[in-house]
Amino acid sequence: QVQLVENGGGSVQAGGSLRLSCAASGSSYSNHCMGWFRQAPGKEREGVAAFYIGGGDTYYADSVKDRFTISQGEAKNTLYLQMNSLKAEDTAMYYCAVEDALRLSGDCLAADVEYAYWGQGTQVTVSA
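Definitions and limits used
Residues numbered from 1 in each chain as written. Predicted model: local features only at pLDDT ≥ 70, side-chain atom pairs only at ≥ 80, totals over all residues. Heavy atoms only, no water. Pairing = 2+ DSSP bridges. Helix = DSSP H or I, 4+ residues; strand = E, 2+ residues; numbered from the N terminus. Axes fitted to C-alpha atoms, helices over the stretch in contact; angles between N-to-C directions. Disulfide = S-S within 2.5 Å. Buried < 20%, exposed > 50% of the residue type's maximum accessible area, 1.4 Å probe, protein only.

Asks: Break down the sheet that holds strand S7 (residues 68–72) for me, with residues and values.
Replies: Within the open sheet, the four strands sit side by side as S1-S3-S8-S7. Their pairing is antiparallel. In this open sheet, the two strands that pair with only one neighbour each are strand S1 (4–7) and S7. Within this sheet the neighbouring strands show an average axis-to-axis angle of 15°, counted without direction. Both S1 and strand S3 (residues 18–24) contribute to a ladder of four bridges, which runs antiparallel. The partner of Leu-4 across the bridge, within S3, is Ala-24.

Asks: How would you explain the state of the cysteines if you had to name every residue and give the values?
Replies: Taken as a whole, this structure holds two disulfides when the rule is applied. The partner cysteine of Cys-33 in its disulfide is Cys-108, sulfur to sulfur 1.9 Å. The S-S bond linking Cys-33 to Cys-108 shows a torsion near -70°; that makes this disulfide left-handed. Taken together, the positions of Cys-33 in strand S4 (residues 33–39) and Cys-108 in the loop between strand S9 (92–99) and strand S10 (115–118) put the pair 75 residues apart, joining distant regions of the chain. For the pair formed by Cys-33 and Cys-108, the shared burial category is buried. Taken in sequence order, the bonded cysteines of the protein chain link in the pattern 1-3, 2-4.

Below you can see the structure in the form of structure tokens.
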């Protein structure tokens with residue numbers, strides 16, 4: 001069973017920063033997408049940022065580009081999401097996920113990416 005555990009959420013004021021981490025079970029997810037998603041109550045789940053493990057390609061939602069940075073840890077089964085200039089609209093439960101299928105290339109935030117394994121989520125609350 002693949003397990004992913006997120007940490008780093010919390011409550012901050014608008015303009016503040018948080019750094020989320022995700023640790024996945026296993027040793028390597030090379031040639032897979034790993035990503036961060038968020039969902040606020042009553043809202044659709046939204047892809048935030050994703051990373052193509054091995055290739056190093058990164059992908060961002062337009063709403064977070066230039067504010068958030070996704071990166072891979074020295075342990076390649078870990079991801080970080082540095083969140084700067086946070087806005088109230090960033091308030092959501094943030095989830096880390098890994099896709100089910102091996103891939104050679106592609107947009108890791110595309111709708112057809114099969115993110116099959118999900119963490120429990122970490123809450124981010126940004127006060128206006």
